[in-house]
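Overview (structure and organization)
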Amino acid sequence: MDPAPKAQPSGAVAESQTWGHRPRRDVTLEPAPERSRCWGAEVGRRETASENRFVAVRKEGTPAAGPAAPRLGAHPAGNFTKSREAPGERQLATDGGRGGPAANAVTGAAARGGRSGTPGATPGAAPGAPGTGEDGQRQAGGSPGTHRVLSLDATLGPRDPQAPGQFGHPVAVPDDKQEEAKSRWKEGNFNVYLSDLIPVDRAVVDTRPAGCSEQRVHDDLPTTTIIMCFVDEVWSTLLRSVHSVLSRSPPHLIEEVILVDDFSTKEYLKEKLDRYMSRFPKVKILHLKQRHGLIRARLAGAEIAKGAVLTFLDSHVECNVGWLEPLLERVRLSRTKVACPVIEVISDKDMSYMTVDNFQRGIFTWPMNFGWRQIPQEVIEKNKIKETDIIRCPVMAGGLFSIDKKYFFELGAYDPGLDVWGGENMEISFKVWMCGGEIEIVPCSRVGHIFRNDNPYSFPKDRVRTVERNLARVAEVWMDEYKELFYGHAYHLVLKNLDVGNLTQQIQLRKKLQCKSFRWYLENVYPDLEAPLVKASGLLVNIATARCITVENTTLAFEACDVNNEDQKFNYTWLRLIRHGELCLAPAGAAGALGLRRCQGRSRSPTWLHRSLAAFQPELTDHIISEHLQQPACLEVDPSHKALRVNACDSANPYQKWQFGNYYAD
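In this report, we go over the structure that sits alongside the text.

Procedures and definitions
Residues numbered from 1 in each chain as written. Predicted model: local features only at pLDDT ≥ 70, side-chain atom pairs only at ≥ 80, totals over all residues. Heavy atoms only, no water. Helix = DSSP H or I, 4+ residues; strand = E, 2+ residues; numbered from the N terminus. Contact = heavy atoms within 4.5 Å. Areas by Shrake-Rupley, 256 points an atom, 1.4 Å probe, with all protein chains shown as cover. Buried < 20%, exposed > 50% of the residue type's maximum accessible area, 1.4 Å probe, protein only. Pairing = 2+ DSSP bridges. Right-handed = clockwise from strand over helix to strand, strands pointing away. Phe/Tyr/Trp six-rings, centres within 6.5 Å; stacked < 30°, edge-to-face > 60°. Lys NZ or Arg CZ within 6 Å of the ring centre and 35° of its normal.

**Focus: the overall build of the chain**
Each helix and strand counted, the chain has 14 helices and 29 strands in total. Counted over contacts in the chain with a minimum sequence separation of 6, partners at least 24 positions apart contribute 74%. Split by element, the accessible area of the chain, about 26700 Å² in all, is 50% carbon and sulfur.

Structure representation (structure tokens):
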């Protein structure tokens, strides 16, 4: 259940996208100074624990795999031992994946900030004991104490440093196993053969920026329920996901791990999975009796969760050391904060664990294509953003995040009208921001994720249609007048006259929560998104005559152009209408006459093609072509009568060439 495309590697400039898969120009606009918080939540500030915030401590230089550090191991009997791992090397490698961006392959020591001793404790601190300070003494006023982030990595037994994939190293398929590996690929849409070779509790390198292991968090962090939903997940990958949670999370913070089986068909995910997980008291398995889809499966897990915070994870991940506490610290700071880890890359080809570039945030481009975009370097420098600073995120990837349980349900959880998968990340992102919350990326929390070309499981309905309907439903509820940009960029949905279902409950919820407008979201959260409400506007000038179309009551005339004449102002909309207020330009009667009539619904008003929409006939891009006539016909000035009409298109006829006063989009 892939949340998003890969984040960008160092030096990448293009953003990755999902759904439409149409490459678009990456536009990054530096916000005005007063909008600096649109980029980083904690820009240029040091925060103290007494302010319920992190201390952002940063060492000079770039993070590197440091000297050997103690790592927690555990014998099956439960006695913990310390071991040392050899210093690692950091190297740059490319992901041999889907033609997408490369990520930075990291090899070497698995726990740079590793700690010795009992899990859940750190020298000089007592996690879970409110009111104690660094030295274990109660602080004045009984305020909660703090401790350094715990870098736990408790294993089932001593690790074999030579095991395939250990420390996140890439693994090669032996020559005599190539065909077997190829045939098993379809089981998970990644290299299942290699996944099965790799230990389920393998070590991975600590990829956190320098300073993360020194940050302090409160002793009284809320507990969390981890929710993983899956359907027909690969056995070894699911186990590795669960082990990474149990091994690298402070036990006292994990209320439970709920595995939601969305009606899997694989036999190994039934009694065999139940038996395996029975050794872990905190792991619970919810077997759904019919296919619900990711969205409703998550809701099923959330409804039975006992933790104060819900942490959603996919079932093909590996949590890194110190991943959980920084997320819970943000939720503790404010219950309306939604905290997301940095999503790193587990290669689908060789199963190597690769870090990603810093300073990236989730964004969308039209028509709601999710992608990653790096904060511009000049903005980083101007605002002195550090690698450990929290990043405000306009849109979350959707698969991995922590949210206060009560707040999640106050927001209405997920729209129950969304089917299976797709668009739920947009819906909850708009809902959180517009209804008083914040979404943050926490650089000191890192989780690896296998990104796949396609989902290996089936959709009850057609996948593309399901996602399109979900996104249209989100646009109708949350985008206000900007939903026209969504439909303008996905115009085939207008032609389909798509049924998005009943929206009454969601619209009432938005009113109840007193949510802000989508315009507010664009101005305050995502100001660098290009979102003009119309494609073109102003005077509509004929090239041959240099005269303008003019409205006289409800009829059309052709007069000298006057930029101050409101009767000469038109909008060319994303829905391909030429509008003057509530009136639309339309063919009227026989002989190609033109007139105005009241604009109607999306699919019932006469539409026109101009500029890029006429690109199917490049010689007509300066023309205005009627879409509703059987033969291509263009808007034309009758040179003898100075009247408007539609006539057979002629690329050489200057009386058929037009220009708006202003263009906002191609």
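Alright, that's what it looks like, and here's the rest.
**A few points about unusual backbone geometry**
Omega for the peptide link from Trp-366 to Pro-367 comes to 0 degrees, which places this bond in the cis form. Tracing the backbone shows Pro-367 in the loop between strand 13 (360-365) and strand 14 (369-374). At Asn-189, a residue that is not glycine, the phi angle is positive and equals roughly 60 degrees. Inspection of the secondary structure assignment puts Asn-189 in the loop between helix 1 (178-184) and helix 2 (192-197). Look at Asn-189 and you get buried, because its relative accessible area is 16%. Its identity is not glycine, yet Arg-611 carries a phi of approximately 55 degrees, on the positive side.

**Some thoughts on the pairing of strand 6 (residues 224-230)**
Burial analysis of strand 6 places seven of its seven residues in the buried class, the great majority of the element. Neither face of strand 6 is open: one carries Thr-224, Ile-226, Met-228 and Phe-230, the other Thr-225, Ile-227 and Cys-229, and all of them are buried. In this structure, strand 6 lies alongside strand 7 (residues 254-261), joined through seven bridges in parallel fashion. Each residue of the ladder has a partner; that of Ile-227, found in strand 7, is Ile-258. Viewed along the sheet, the connection from strand 6 through helix 3 (residues 235-248) into strand 7 turns out right-handed. Relative to strand 9 (residues 309-313), strand 6 runs parallel, the two sharing five bridges. When the bridges of strand 9 are listed, Ile-226 appears paired with Thr-311.

**With respect to the environment of Asp-562**
Counting through the fold element by element, Asp-562 comes out in the loop between strand 20 (555-560) and strand 21 (570-573). Every residue in contact with Asp-562, bar those within four places of it in the chain, is listed here: Leu-539 and Gln-568.

**Focus on the packing of aromatic side chains**
Summed over all chains, the structure comprises 19 aromatic pairs. Where Phe-364 meets Trp-366, the ring centres are 5.4 Å apart and the plane angle is 90 degrees; that geometry is what we call edge-to-face. The class for Phe-364 is buried, based on a relative accessible area of 0%. Trp-366 gets classed as buried once you look at its relative accessible area, which sits at 3%. A ring pair is formed by Phe-558 and Trp-658, whose centres lie 6.2 Å apart and whose planes are at 85 degrees; its orientation type is edge-to-face. In this pair, Phe-558 sits in strand 20 while Trp-658 sits in strand 29 (residues 658-663), placing the two residues 100 residues apart along the sequence. When sorted by exposure, Phe-558 lands in the same class as Trp-658, which is buried. One aromatic cluster in this structure is built from Phe-364, Trp-366, Phe-430, Tyr-482, Phe-518, Tyr-521 and Tyr-526. The ring of Tyr-663 is capped by Arg-611, whose NZ or CZ atom sits 3.8 Å from the centre of that ring.

That's the geometry; what it means functionally is another story.
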